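# Chain and residue survey
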Amino acid sequence: MELVPGLVDKTMDKCLSLVTRYRDVEEELDRVRRTSRRINKLLIDAEDRRYIEDESVINWLRDLKSVYFHTRNLHDGYQTAINVHKHSSSRKRKWYQIKLPSVGPEWSPRQRSWFASEIDKIDSRVDEIAISKRNLRLRGEDEERSDQPQTGPCHDRASIIGRENDKNEIVDLLITAQTTASVSRSTVTVVPIYGAAGIGKTTLVQMVYDDPRLNNCFNIKAWVCLTERCNESTAMKKICEKMTGQRWDSDDLGTLQNKLWNYLDTRRGNNTFLLVIDNFWAIDLNYWERLQQPLLAGGDGSKVLITTRYKKASCQITRRVMQRFSLEGLEDRDCWQLMQAIALPEDIINPNQEKLVSIGQDIAKKCHGSPMAAKALGAVLNGKSVEEWSDMLREMRVLKFEDDINGSILASLKISYHHLKYHLKQCFSYCSIFPKNYVFEKDQVIRYWRAEELIKPDGGSQLEAVGSKYFDELVWRSFFEKITIGTEGQNAKLFSRQVERYRMTSLMLDLAMMVSKYEFRSLASGKPLPEDNHGNSDEVRYASFMQPQDTNTVKLECLEPYSNLETLKFYHELNDGVLQLNSTPASFFRKYMHLRVLDMSNSDLELVPDSVYGLIYLRFLGLSSTKITTLPEKIGNLFNLISLELKRCLRLAVLPEGLLRLINLQHLDLNLDWDEITDSTKVTLPQGIGELEDLQTLSRFNVTSAQGPSCNINELKNLNLSGDLCIMNLENVPIGYDINANLEGKPSIKNLMLRWKSLAPNDMQLQQPSEEVIKFLRPHNRLECLWVVNYPGNNFPPWMGDVSFSNLETIRISNCNNVNFLPLLGKLNWLKNLLIDNITVDMITMPGGFPSLEHLQLLNLSSLHSLYFENEIPKLKQLNVSDCPDLVILVIHRHLQDKFERENFSNLRIISVPLDSN
């Protein structure tokens, strides 16, 4: 009986303690937030002080990261509930039920008890990890290290080092064979170039491809990069599209072969080509035989340059081989020159130059002839002291190199990785989600990083701007490479908006997968889990899921063990393949409640699985190139969504009002290639889209009306948009409407399209209203590209000729039957590219001006009879006139005559006048 009072006292004390914790849960949440920041500092210190090979640090990091993710999710769940409650109260909007993980702004005792219990678990694990921290002598103090990105010279300047002789040998071979082709009657010949990964095959061939000595040798030049294991049909389709400059819908090999044969055969006398096939992988002789069959219709002297890292693939190409090249590694002295150009730029005087050169030459010997390793190590050494150079050399001397060259180069690249700042390590290793030869855009990767909170706040800068710095530094350090060849077809217009694209070399991707082996899984439909399944499934945060090319169904069972996934990217083994995701069960994603990035792009998806709308942590949702026509109202449940990608969704017709509940949305990406936009490719936006004041990306804006339940042009007023903006259906702006789209206040818009419906130029009633509309759509003077389509007015606004447009380099005027705009455009001092197409006019007179114009194209002017140049255009490099069948008179200055490119003008009379002619 004596024990009862003591037991009661203990029970009461425990209850009072719990009550206190229930009341102070917000304070506990602040403590969790502080714990999360402290963990992050420990992670940074661990990565900076120890190499990943240290097993004790590896295990410590794994534990620490697990706690970090748990802490972050706990905080995000509660904070989301608070924000939803505040927003729904202040906006007084109808909110759909959002299922939150046992939390809410007004907690019940059970909910508070659950939260307190979760905090206790975190405290216990942090205490255990703190003991390990002391044993490992890690710091984790609050002071920050400087994470300013390094700067340095451009790699392109040094890329030619050590390859000049190889380049000249190949160029001379092509030129010699070209000049003797008519004598020998040789047909298409092949030059295979074999070499190990990272040895510089693509760079060498790019140098050959760009050599000006080949400019007059070939009528057609095309560059194709094959993905690993792509079949003959996919490869043939790529070759067809790049050589013809046209898109082909067919995937049938025979049809594609016939198309290319007929294309080349009908261009007799003008069909000699240079085709580069980069990353040829097939060792099956029949594979190459099927690809080369239609190429035999090419003109005498046509050449195919092939790069491959598979010696057997090179040997399988036996017919019409001109000469095989086995590309060896660079000499040690060339590796040092390449490294030196980056690590010790000529414009910076270094008092320790002699010492650094001595150390650097020894480091260069460890690159094993790889230019990629030399550039990466050069970037590491840039701006470092003699002691740091010496430390690098010591590291490389004790490093265990593999016997094969790929292993040796990978070891050098791993050192470059270890010398990255922690945030850059995270961003690079995250990119293991990309498959081999995957081509990505900068903005896409930054949005992924943003969703996973891999970008650190930097003062008042937008996170996208900070992420851009991260990306640029990884490019400079050679972890990513920019694709500068073969992104467009042979006949691609100069005036298409060029989007910079990037990829990771195969060795860099191997490195990314190596350093992320505990957190990342690459899974495939219908295949067992990989044998090297490191760690346990609870640690896996990022996964890519691949549909093989030989299956039309998707089996998702291999994803089941990974319930803690935060990123899930689906893709097809063939880059051009379509994922079969339309049959995904509606409840499938309930197992993956922590997802922050979900990318189901390039699939047959018509309806998004219902369980996606319960993913409260989701920041990025990728639905580009799918078959969806609309989204449900419950899209608004995704309160934390930052990026919604709907690019190239040709069937998408309407977006719901629920979109307006996404107050954190910054990127509503509706981008579509401007050449593909027609009257039917419009998306109706909900009225009130202008209330999403954080929106930065919109891409397309469809004007439906000025009043009523639809979206009017003044919705743009308060949006601080950037990038591309296409404003469609401007004929819907009513007469006398007070227009205030505030385009002049949007300095981050780089490319602007103003578009009326295709029949507008023939509608007399639209002429005067359209002139009033366009007058109020003046953009900011930082604009780089302007495209006006179907404008029905008789006069263009004066702002189009304003000299304050110092960045405006490209203008395209399409289906606008008023040619009085030419004097206006002639005043633009920085205009380099001008394209005029689909205009009904008999005569065009090019006035004076155009001081910077380099490229002028006149396309599809069916009634054009005469073309006059009143004055010289001093910097013109190209004058292209195509599909102008009635053109019979061209008056042109003599210095421009050799710039004139024309097709099928048998009756054209060219009148050449001297420069001083009036």
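Treat the numbers as computed from the prediction; the structure is a model and nothing was measured. (Residues numbered from 1 in each chain as written. Predicted model: local features only at pLDDT ≥ 70, side-chain atom pairs only at ≥ 80, totals over all residues. Heavy atoms only, no water.)

This paragraph deals with the overall build of the protein. Summing up its helical and strand segments, the protein has 23 helices and 28 strands in all. Relative to its 918 residues, the protein shows a buried fraction of 53%. Nonlocal contacts in the protein, meaning residues at least 24 apart in sequence, comprise 64% of its contacts between residues at least 6 apart. For the protein, the accessible surface area stands at approximately 40500 Å², while carbon and sulfur atoms represent 46% of it. (Helix = DSSP H or I, 4+ residues; strand = E, 2+ residues; numbered from the N terminus. Buried < 20%, exposed > 50% of the residue type's maximum accessible area, 1.4 Å probe, protein only. Contact = heavy atoms within 4.5 Å. Areas by Shrake-Rupley, 256 points an atom, 1.4 Å probe, with all protein chains shown as cover.)

To continue, consider the environment of L327. Looking at where L327 falls in the secondary structure, it is placed in the loop between β5 (325–326) and α12 (332–343). Note on L327: relative accessible area 8%, which makes it buried. Apart from residues lying up to four places away in sequence, L327 is in contact with R163, D166, I193, Y194, G195, I199, G200, K201 and L204.

Taken in spatial order, the seven strands line up as β9-β10-β11-β12-β13-β14-β15 in an open sheet, and their pairing is parallel. Only two strands of the sheet have a single neighbouring strand rather than two, namely β9 (520–524) and β15 (667–669). Strand-to-strand twist across the sheet, computed as the mean angle between neighbouring axes with direction ignored, equals 10°. As paired strands, strand β10 (residues 542–547) and strand β11 (residues 567–572) are joined by six bridges and run parallel to one another. Its bridge partner lying in β11, A543 is registered against L568. Docked against the sheet, helix α18 (residues 442–451) engages β11, β12 (597–599), β13 (620–622), β14 (643–645) and β15, running at close to 145° with respect to β12. (Pairing = 2+ DSSP bridges. Axes fitted to C-alpha atoms, helices over the stretch in contact; angles between N-to-C directions.)

With that out of the way, let us pick up the packing of aromatic side chains. In this structure the tally under the stated criterion is 26 aromatic pairs. By way of ring pairs, the aromatic residues Y430, F434, Y438, F440, Y448, W449, F471, F480, Y502, Y542 and F620 are connected into one cluster. Positioned over the ring face of Y417 is K425, at 5.6 Å from the centre of the ring. (Phe/Tyr/Trp six-rings, centres within 6.5 Å; stacked < 30°, edge-to-face > 60°. Lys NZ or Arg CZ within 6 Å of the ring centre and 35° of its normal.)

Right, let's get into the packing of α12 against helix α13 (residues 353–364). Packed helix pairs are characterised by how far apart their axes lie and by the angle those axes make with each other. Between α12 and α13, whose axes approach to 9 Å, the crossing angle comes to 125°. Considering the angle they form, α12 stands oblique to α13. Judged by the sense of rotation from one axis to the other, the crossing of α12 with α13 is right-handed. On the side of α12, the interface is formed by D332, C335, W336, M339 and Q340, while α13 contributes Q353, L356, V357, G360, Q361, I363 and A364. Per-class residue counts for the contact of α12 with α13 are seven nonpolar, four polar and one charged. (Parallel < 35°, antiparallel > 145°, perpendicular 65-115°, else oblique. Left-handed = near helix turned anticlockwise from the far one by under 90°. Nonpolar A, V, L, I, M, F, W, Y, C, P; charged D, E, K, R; others polar.)

On to unusual backbone geometry, then. Even without being a glycine, N279 presents a positive backbone phi close to 65°. Even without a glycine there, the phi angle at S478 is positive, about 75°. Here S478 lies in the loop between α19 (463–476) and β7 (481–483).

All right, on to the sheet that holds strand β6 (residues 440–441) then. If you walk across this open sheet you meet the three strands as β6-β8-β7, and the pairing is antiparallel. Strand pairing shows two members of the sheet lacking a second neighbour, β6 and β7, which therefore form its edges. The sheet contact formed by β7 and strand β8 (residues 501–503) spans three bridges and is antiparallel. Bridge assignment links K482 to a residue of β8, and that residue is Y502.

The next subject is the pattern of salt bridges. Working definition: two side chains of opposite charge can pair if their charged atoms are close together. Considering all chains together, one arrives at 39 salt bridges under this definition. A salt bridge links R72 to E452, with the shortest nitrogen-to-oxygen separation between them at 3.5 Å. Taken together, the positions of R72 in helix α3 (residues 55–91) and E452 in the loop between α18 and α19 put the pair 380 residues apart, joining distant regions of the chain. Among the residues examined, E452 registers a relative accessible area of 1% and is labelled buried. Of the charged contacts in the structure, one is a salt bridge between D172 and R213, with a shortest N-O distance of 3.5 Å. (Salt bridge = Lys/Arg side-chain N within 4 Å of Asp/Glu carboxyl O.)

For helix α9 (residues 253–265), with 13 residues, the first-to-last C-alpha span of 18 Å sits near the 18 Å given by 1.5 Å per residue. Residues of α9 that are buried: L253, L256, Q257, L260, Y263 and L264. Buried positions in α9, seen along its axis, are confined to an arc of 135° and lie on one side of it. The residue sitting at the N-terminus of α9 and contributing the capping side-chain oxygen is D252; that oxygen lies 3.3 Å from the backbone nitrogen of G254. (Expected span 1.5 Å × (residues − 1). Arc of directions from axis to C-beta. Polar contact = N/O pair within 3.5 Å; in protein donor to acceptor, adjacent residues only side chain to side chain.)

Here we come to the side chain of N73. Tracing the backbone shows N73 in helix α3. The residues touching N73, leaving out its near neighbours within four places in the chain, are E566, H594, R596 and Y617.

Okay, the confidence of the model for the protein next. Chain-level pLDDT for the protein is 80 on average; 80% of the residues reach the 70-or-more range. When the elements of the protein are averaged for pLDDT, helix α1 (residues 3–23) gives the smallest value, 40, and β13 the largest, 98. In the model, residues 1–23 has pLDDT below 50 throughout and makes nine contacts with residues more than four positions away in sequence or in other chains. In this model, residues 140–158 is a region of pLDDT below 50 whose contacts with residues beyond four sequence positions or in other chains number 40 contacts. (pLDDT = per-residue confidence, 0-100.)

Time to look at helix α8 (residues 232–244). It helps to recall that an α-helix has 3.6 residues per turn; residues three or four apart then point in one direction. Taking 1.5 Å per residue, 13 residues should reach 18 Å; α8 reaches 18 Å between its end C-alpha atoms and fits that length. For α8, every residue scored as buried is listed here: E232, T234, A235, M236, K237, K238, I239, C240, M243 and T244. At the C-terminal side of α8, G245 shows a positive phi close to 70°.

Here we take up the packing of α18 against α19. Viewed as axis vectors pointing N to C, α18 and α19 meet at an angle of 115°, and their least axial separation amounts to 9 Å. In terms of crossing hand, the pair formed by α18 and α19 is right-handed. Residue-level contacts link K442, V445, I446, W449 and R450 of α18 to L463, E464, G467, S468, Y470, F471, D472 and L474 of α19.

Turning our eyes to something else, we now look at the environment of E452. Along the primary structure E452 and C427 are separated by 25 residues, whereas in three dimensions their C-alpha atoms are 9.5 Å apart. Once you skip the residues sitting within four places of it in the chain, E452 turns out to touch R72, Y430, Y542, E566, T567, R596 and V597.

With that settled, consider the side chain of D604. Assignment of secondary structure puts D604 in the loop between β12 and β13. No salt bridge forms around the buried D604; measuring N to O, its nearest opposite-charge neighbour K627 is 5.9 Å away. Within the local environment of D604, its side chain forms a polar contact with the backbone nitrogen of L581, the two atoms lying 2.7 Å apart. Discounting residues that sit within four places of it in the chain, D604 has contacts with V578, L579, Q580, L581, N582 and K627. (Lys, Arg positive; Asp, Glu negative; His and termini not counted.)

Attention shifts here to the state of the cysteines. Under the defined criterion, the tally for this structure stands at zero disulfides. The closest cysteine sulfur to the non-disulfide-bonded C367 is located on C335, 5.0 Å from its own sulfur. Among the residues examined, C367 registers a relative accessible area of 0% and is labelled buried. (Disulfide = S-S within 2.5 Å.)

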